[in-house]
Protein chains: 2
Amino acid sequence: MAVTIDYAALLAPDLPAPAPGWQGRPPYNFIGGHVDAASMPVEDMIAATAAVLRRDGATLSTYGLESGPLGYQPLREFVAAKLGKRSGMSISADQVLITSGSIQALDLVNGMFCCPGDTVLVEQFTYAGALSRLRGLGVTPIGIPLDESGMRADLLAAKLAELKAQAIQPKFIYVIPTVQNPDGSIMPEARRAELLEVSAEYGVPIFEDECYADLLWTGERPPAIAAMDRRQQVIHCGSFSKTIAPALRVGYIVAEPNLVAQMAACKEDGGTGALEQMMLSEYCRGHFDDHVAKVTVLLKEKLDVMIEALEENFGTTAEFTPPPGGIFLWVTFPDVVDATKLATAAAARGVTINPGPDWSADAAPARSRIRLCFGNPTADAIREGVKVLADVCHEEFGIPVRSANVERNRLTG
Amino acid sequence: MAVTIDYAALLAPDLPAPAPGWQGRPPYNFIGGHVDAASMPVEDMIAATAAVLRRDGATLSTYGLESGPLGYQPLREFVAAKLGKRSGMSISADQVLITSGSIQALDLVNGMFCCPGDTVLVEQFTYAGALSRLRGLGVTPIGIPLDESGMRADLLAAKLAELKAQAIQPKFIYVIPTVQNPDGSIMPEARRAELLEVSAEYGVPIFEDECYADLLWTGERPPAIAAMDRRQQVIHCGSFSKTIAPALRVGYIVAEPNLVAQMAACKEDGGTGALEQMMLSEYCRGHFDDHVAKVTVLLKEKLDVMIEALEENFGTTAEFTPPPGGIFLWVTFPDVVDATKLATAAAARGVTINPGPDWSADAAPARSRIRLCFGNPTADAIREGVKVLADVCHEEFGIPVRSANVERNRLTG
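Residues numbered from 1 in each chain as written. Chains lettered and ligands numbered in written order. Predicted model: local features only at pLDDT ≥ 70, side-chain atom pairs only at ≥ 80, totals over all residues. Heavy atoms only, no water.

### Examining the overall build of chain A
Thought 1: Scanning chain A for helices and strands turns up 13 helices and 14 strands.
Thought 2: Compactness check: chain A gives a C-alpha radius of gyration of 22 Å against a globular reference of 22 Å for 413 residues, within 12% of the reference.
Thought 3: With respect to the three principal axes, the spread of C-alpha positions in chain A is 65 × 65 × 60 Å.
Thought 4: When burial is assessed residue by residue, chain A has 62% of its 413 residues classed as buried.
Thought 5: Of the contacts formed within chain A by residues at least 6 apart in sequence, a portion of 73% connects residues at least 24 apart.
Thought 6: With an accessible surface of roughly 14,900 Å², chain A has 52% of that area assigned to carbon and sulfur atoms.
Thought 7: Measuring between centres, the 35 positive side-chain charges of chain A sit 1 Å from its 50 negative side-chain charges. (Helix = DSSP H or I, 4+ residues; strand = E, 2+ residues; numbered from the N terminus. Rg over C-alpha atoms; globule rule 2.2 N^0.38 Å. Buried < 20%, exposed > 50% of the residue type's maximum accessible area, 1.4 Å probe, protein only. Contact = heavy atoms within 4.5 Å. Areas by Shrake-Rupley, 256 points an atom, 1.4 Å probe, with all protein chains shown as cover. Lys, Arg positive; Asp, Glu negative; His and termini not counted. Charge placed at Lys NZ, Arg CZ, Asp CG, Glu CD.)

In structure tokens form, the structure reads like this:
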């Protein structure tokens with residue numbers, strides 16, 4: 001049958017490449033913000049759904065339930081209480097806008113502030129999705145180097161001074177201070193205070209992303225930057241994707257009320273999925289703390305397995321700082337390793353990894369780094385996958401040098 | 001506390017006005033695609049959720065479940081089967097992309113085809129959300145007049161010829177042929193065939209929106225335009241918002257596989273809410289047909305109440321054609337009535353209506369028209385709200401002339 005429509009001539013320019021057909025997940029899945037399958041609290045979710053639908057199910061008949069454009073009122077109340085307890089924030093439910101994952105929170109903030117040609121400041125190594133979305137809007141992300149305490153406040157101030165001299169007004173400073181993505185660090189309170197000072201001095205708001213902040217081995221952490229904010233400088237976002245389940249698309253954004261009202265108006269999606277909001281609200285009220293305590297133990301066990309496997313298979317070739325929480329490890333290889341080539345070669349052997357350049361404002365400093373997620377694979381898959389990765393790395397780049405089983409065993413013996 | 005950030009100076013231009021604080025719904029709610037609260041199948045939804053979570057709940061741990069970027073495989077299979085049975089379409093599940101409501105389907109098609117300055121053809125009276133989204137992208141919607149059979153194919157061809165002479169290539173023809181929004185008409189099969197011919201002749205695809213097509217009093221309807229398409233000219237979308245519940249954000253889009261792969265790549269949202277997809281899949285397999293049969297009976301009863309109330313309160317002042325399905329009535333008043341002013345005055349009295357100009361590519365032809373949704377209010381609210389609307393209309397515009405109760409009763413006696 002003849003095709004009469006020349007779709008190629010009609011499509012907008014610069015579209016992403018079409019999605020490949022779905023082939024299922026690779027056997028060794030070390031990418032993406034996935035979590036542990038066995039930890040899904042299925043029966044408690046079922047009970048929560050039944051209870052909340054019996055109470056509020058009839059309200060599914062209207063867009064936004066009976067809660068208006070900010071999202072399901074009981075969920076906003078839970079988020080406000082959780083942020084008070086865990087992040088030190090003192091907010092009301094009316095400052096919480098429920099979003100379809102934190103991805104939509106990023107989209108709303110980007111859309112509210114940015115036009116093509118604008119500039120945003122980010123950590124030198126940061127969430128790939130944040131970088132790709134900014135670039136997709138024609139916005140330039142400028143990376144500020146990190147140290148073991150997170151974004152360098154002195155270098156941030158220097159960059160802001162430099163931009164000011166060029167009459168460039170950055171729109172915001174995007175920062176992941178609590179379990180930084182990808183390096184896993186937690187910014188100390190003093191550095192947070194420094195960032196707030198720099199933000200105020202240059203009149204540039206901070207956009208704080210706390211997607212991983214509830215997954216801490218010890219639970220110890222400084223208050224959120226938003227909790228230390230006395231001058232409405234901070235927009236804060238988070239998500240239930242990592243604490244409960246990523247396939248549930250529920251996140252949130254917290255800001256001063258005028259900004260929340262502005263974002264609610266920009267959120268022209270007919271609302272975030274109500275059943276997910278309702279179930280999470282009901283489930284989390286009774287189970288959030290216990291569930292998070294359970295999954296962090298699991299995650300720490302998987303991290304230990306991954307570290308052991310890396311030491312066994314890579315020896316000193318793989319450098320990393322064990323993170324205090326989260327679902328990923330940021331690994332640095334010697335300069336000879338091209339992480340992007342390694343990712344391609346490993347994928348052909350069933351091991352998927354995030355090459356560092358995707359997680360970096362400038363590709364060069366991350367050339368030999370990779371992000372390894374340990375949330376989803378089982379302990380056995382972690383052990384086997386890291387071994388395959390070492391084989392591939394040796395074949396491609398000649399390291400780790402001691403790639404024979406005997407020698408690897410000797411390293412850990 | 002001093003505010004150090006000048007947000008007004010940082011925000012992008014042309015943002016929508018901030019959302020007003022939520023005051024709850026008006027007593028007489030005749031706007032929006034809401035449905036009947038009492039018809040929510042709460043217990044069946046609870047049972048469906050329990051069954052599907054026990055089977056597939058562990059897969060919530062990964063983005064996209066185990067189904068990949070097109071959406072939950074069993075739901076795609078249900079959609080394909082439903083479209084075969086009800087819309088005459090012969091498609092596979094791999095041609096179905098699940099979206100977060102049909103709103104996202106519109107966003108994906110708009111984003112895939114349109115750049116600022118582009119042109120899209122629409123029915124002269126059409127869905128307000130489609131118009132506002134196109135305009136928000138800097139796209140010009142050009143309205144093609146309707147008759148009782150829907151979009152005029154002769155005028156469509158004439159407009160396409162005129163645009164071609166100006167070297168303007170419209171990106172697509174957006175049409176709601178089965179329960180047209182707002183006029184409720186169903187396009188006969190012959191007119192559908194004519195549209196396909198015109199589309200082919202000018203190489204402009206048709207984007208068919210079937211959001212209301214399952215809500216028919218008799219069930220009788222012609223095949224979807226997509227079902228008659230032999231040359232991959234048609235992109236088709238639909239939703240569960242009107243058949244099941246609008247607060248569940250689940251719709252779908254059907255197109256030829258290359259376009260589906262392109263849209264899946266553009267859908268950078270981490271997936272549509274999985275719990276809603278899973279529940280709907282399980283619920284609809286067992287209950288969709290029975291539920292739709294039940295709600296259409298209810299809707300027809302509400303329509304009859306609304307027609308009776310309009311005749312009683314407005315007499316011949318309100319003209320309309322009773323629709324063969326759906327949730328709204330498109331009402332024409334005499335020229336003296338300014339529908340936008342009427343909507344403002346009525347809202348102050350607790351009656352919300354959609355003024356025609358919002359539902360029209362050009363405001364002028366819809367100046368004295370309104371859209372009245374009857375899906376959500378109870379029969380009593382419909383009777384009372386229409387009476388208040390007639391009072392307001394009389395106060396503002398002097399019509400209906402016979403506005404006293406006695407005279408209204410006499411009209412229907």
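### Re the nonpolar core
Soluble globular proteins tend to pack their nonpolar side chains together in the buried interior.
Thought 1: Residues L60(A), F240(A), I244(A), L60(B), F240(B) and I244(B) are the most contacted members of the largest nonpolar core, which totals 120 residues.
Thought 2: What L60(A) contacts, discounting residues up to four positions off in sequence, is L53(A), L65(A), A274(A), L275(A), M278(A), M40(B), M45(B), A245(B), P246(B), A247(B) and L248(B).
Thought 3: Grouped together as the second largest cluster of nonpolar side chains are 46 residues, F333(B), C373(B), I382(B) and C393(B) included. (Core = buried A, V, L, I, M, F, W, Y, C linked by side-chain atoms within 4.5 Å.)

### Here we look at the environment of G64(B)
Residue and element names in this part refer to chain B.
Thought 1: Mapped onto the fold, G64 is located in the loop between helix 2 (42-56) and helix 3 (73-87).
Thought 2: With a relative accessible area of 22%, G64 lands in the partly exposed category.
Thought 3: Along the chain, G64 and P377 lie 313 residues apart, while their C-alpha atoms are 36 Å from each other.

### Remarks on the relation of the copies chain A and chain B
The pair of chain copies shares a relation made of a rotation about an axis and a shift along it.
Thought 1: Its rotation angle being 180 degrees, the transformation that places chain A on chain B also includes 0.0 Å of axial translation and leaves an RMSD of 0.0 Å. Taken together, the rotation and translation relating the two chain copies correspond to the operation of a two-fold axis. Ranked by how close their C-alpha atoms come to the rotation axis, the residues of chain A are headed by G273(A), at 3.2 Å.
Thought 2: Comparing contact sets, 100% of the residues at the interface of chain A also lie at the interface in chain B, consistent with an isologous, same-surface contact. (Least-squares fit on C-alpha atoms with pLDDT ≥ 70 in both.)

### Here we look at the pairing of strand 2 (residues 96-99) of chain A
Two faces belong to every sheet, and in a regular strand the side chains alternate between them.
Residues and elements named next belong to chain A.
Thought 1: Judged by which residues are buried, strand 2 turns out to be covered on both faces: V96 and I98 on one side and L97 and T99 on the other are all buried.
Thought 2: As judged from the four bridges shared by strand 2 and strand 10 (residues 251-254), these two strands associate in the antiparallel manner. Bridge pairing links T99 to G251 in strand 10. (Pairing = 2+ DSSP bridges.)

### Comments concerning the pattern of salt bridges
Residues and elements named next belong to chain A.
Thought 1: Taken as a whole, this structure holds 50 salt bridges over all chains when the rule is applied.
Thought 2: Of the charged contacts in the structure, one is a salt bridge between D36 and K302, with a shortest N-O distance of 2.4 Å. Of this pair, D36 sits in the loop between strand 1 (28-29) and helix 2 (42-56) while K302 sits in helix 10 (residues 274-314), and the two are 266 residues apart along the sequence. As far as burial versus exposure is concerned, D36 and K302 are alike and both buried.
Thought 3: A salt bridge links R86 to D289; the nearest nitrogen and oxygen atoms lie 2.8 Å apart. (Salt bridge = Lys/Arg side-chain N within 4 Å of Asp/Glu carboxyl O.)

### Notes on the packing of aromatic side chains
Thought 1: Counting across every chain of the model gives 22 aromatic pairs over all chains.
Thought 2: Geometrically, the ring pair formed by F78(A) and F240(A) is tilted, given 6.3 Å between the ring centres and 35 degrees between the ring planes. With F78(A) in helix 3 (residues 73-87) and F240(A) in the loop between strand 9 (234-239) and strand 10, this residue pair connects regions lying 162 residues apart in the sequence.
Thought 3: A relative accessible area of 1% places F240(A) in the buried class.
Thought 4: Taken together, the ring pairs in this structure connect Y7(A), F113(B), F172(B), Y174(B) and F207(B) into an aromatic cluster. (Phe/Tyr/Trp six-rings, centres within 6.5 Å; stacked < 30°, edge-to-face > 60°.)

### What to know about the interface of chain A and chain B
Thought 1: Chain A puts 88 residues into the contact, and the matching count from chain B is 88 residues.
Thought 2: The contact between chain A and chain B buries some 7,000 Å² in all, and 65% of this surface belongs to carbon and sulfur atoms.
Thought 3: Connecting chain A to chain B are four salt bridges.
Thought 4: When the shortest N-O distance is used, the salt bridge between E43(A) and R54(B) registers 2.8 Å.
Thought 5: At the junction of chain A with chain B, the criterion picks out 41 residue pairs in polar contact (both at pLDDT 80 or more).
Thought 6: When residues of the side of chain A that touches chain B are traced back to their parent elements, those giving at least two are helix 1 (7-10), helix 2, helix 4 (101-113), helix 7 (189-202), helix 9 (257-266) and helix 10 of chain A.
Thought 7: Broken down by element, the residue count for the side of chain A that touches chain B peaks at eight residues, all from helix 2 of chain A. (Buried area = accessible area lost by both parts, 1.4 Å probe. Polar contact = N/O pair within 3.5 Å; in protein donor to acceptor, adjacent residues only side chain to side chain.)

### A few points about the sheet that holds strand 13 (residues 354-355) of chain B
All names here are of chain B.
Thought 1: Pairing is antiparallel in the open sheet, where three strands are placed in the order 11-14-13. Across the chains shown, the open sheet's two edge strands, defined by having one partner strand only, are strand 11 (328-332) and strand 13.
Thought 2: Across two bridges, strand 13 lies against strand 14 (residues 369-373) in antiparallel orientation. Bridge pairing in strand 14 places P355 opposite I370.
Thought 3: Its contacts with the sheet place helix 10 (residues 274-314) against strand 11 and strand 14, and it is angled at close to 20 degrees to strand 11. (Axes fitted to C-alpha atoms, helices over the stretch in contact; angles between N-to-C directions.)

### Comments concerning helix 4 of chain A
An α-helical turn contains 3.6 residues, so any two residues separated by three or four positions project in the same direction.
Residue and element names in this part refer to chain A.
Thought 1: In this model, helix 4 (13 residues) spans 19 Å end to end at C-alpha, consistent with the 18 Å of a helix rising 1.5 Å per residue.
Thought 2: With eleven of 13 residues buried, helix 4 lies mostly within the body of the structure.
Thought 3: Those residues of helix 4 that fall on the buried side of the exposure criterion are G101, S102, I103, Q104, A105, L106, L108, V109, N110, M112 and F113. (Expected span 1.5 Å × (residues − 1).)

### Observations regarding the packing of helix 2 of chain B against helix 10 of chain B
Residue and element names in this part refer to chain B.
Thought 1: Contact geometry for helix 2 and helix 10: axes closest at 8 Å, N-to-C directions at 115 degrees. Remark: the crossing between helix 2 and helix 10 carries right-handed chirality. Facing D44, M45, A48, T49, A51, V52, L53, R55 and D56 of helix 2, the residues of helix 10 in contact are L275, M278, M279, E282, Y283, R285 and H287.
Thought 2: Residues belonging to the contact of helix 2 with helix 10 are distributed by class as follows: nine nonpolar, two polar and five charged. (Left-handed = near helix turned anticlockwise from the far one by under 90°. Nonpolar A, V, L, I, M, F, W, Y, C, P; charged D, E, K, R; others polar.)

### What about the side chain of D183(B)?
Thought 1: With respect to the helices, strands and loops of the structure, D183(B) is situated in the loop between strand 7 (173-175) and helix 7 (189-202).
Thought 2: Buried within the structure, D183(B) lacks any salt-bridge partner; its nearest side chain of opposite charge belongs to R369(B), at an N-O separation of 7.4 Å.

### As for the packing of helix 11 (residues 339-347) of chain B against helix 12 (residues 379-397) of chain B
All names here are of chain B.
Thought 1: Relative orientation of the contacting elements helix 11 and helix 12 amounts to 125 degrees, with a least axis distance of 10 Å. The angle between the axes of helix 11 and helix 12 places the two elements in the oblique class. Classified by chirality, the crossing of helix 12 by helix 11 is right-handed. Contacts between helix 11 and helix 12 involve K341, L342, A345 and A346 from the first element and L389, V392, C393, E396 and F397 from the second. (Parallel < 35°, antiparallel > 145°, perpendicular 65-115°, else oblique.)

### Observations regarding the sheet that holds strand 8 (residues 206-209) of chain A
Residue and element names in this part refer to chain A.
Thought 1: Taking strand neighbours across the sheet as the criterion, the seven strands line up as 2-10-9-8-7-3-4 in an open arrangement whose pairing is mixed. Of all strands in the sheet, those with a lone pairing partner are strand 2 and strand 4 (140-144), marking the two edges. For this sheet, the mean inter-axis angle between neighbouring strands, taken without regard to orientation, is 20 degrees.

### What to know about the state of the cysteines
Residues and elements named next belong to chain A.
Thought 1: Under the definition given, this model contains zero disulfides over all chains.
Thought 2: Looking at the unpaired C284, the closest cysteine sulfur is the one in C211, lying at 14 Å.
Thought 3: Owing to a relative accessible area of 2%, C284 belongs among the buried residues under this scheme. (Disulfide = S-S within 2.5 Å.)

### So, the confidence of the model for chain A
All names here are of chain A.
Thought 1: Per-residue pLDDT for chain A has a mean of 94; in total, 97% of the residues score no lower than 70.
Thought 2: This stretch, residues 408-413, has a pLDDT under 50; its non-local contacts, to residues over four places away or in other chains, come to 15 contacts.
Thought 3: Here the predicted complex scores 0.95 on pTM and 0.94 on ipTM. (pLDDT = per-residue confidence, 0-100.)

### A few points about the side chain of E210(B)
Residues and elements named next belong to chain B.
Thought 1: By the secondary structure assignment, E210 is in the loop between strand 8 (206-209) and helix 8 (225-228).
Thought 2: Here R221 takes part through its side chain, which lies 2.5 Å from a polar atom of the side chain of E210.
Thought 3: If sequence neighbours within four positions are ignored, E210 has contacts with S87, T178, R221, A224, H236, C237 and G238.

### Some thoughts on helix 2 of chain B
Thought 1: For helix 2 of chain B, with 15 residues, the first-to-last C-alpha span of 21 Å sits near the 21 Å given by 1.5 Å per residue.
Thought 2: Close packing links the buried residues of helix 2 of chain B with helix 2 of chain A together with helix 10 of chain B.

### Structural notes on the environment of I176(A)
All names here are of chain A.
Thought 1: Position of I176 among the secondary structure elements: in the loop between strand 7 (173-175) and helix 7.
Thought 2: Along the chain, I176 and A48 lie 128 residues apart, while their C-alpha atoms are 31 Å from each other.
Thought 3: If we ignore the near neighbours within four places in the chain, the residues touching I176 are E123, T126, Y127, N181 and D209.

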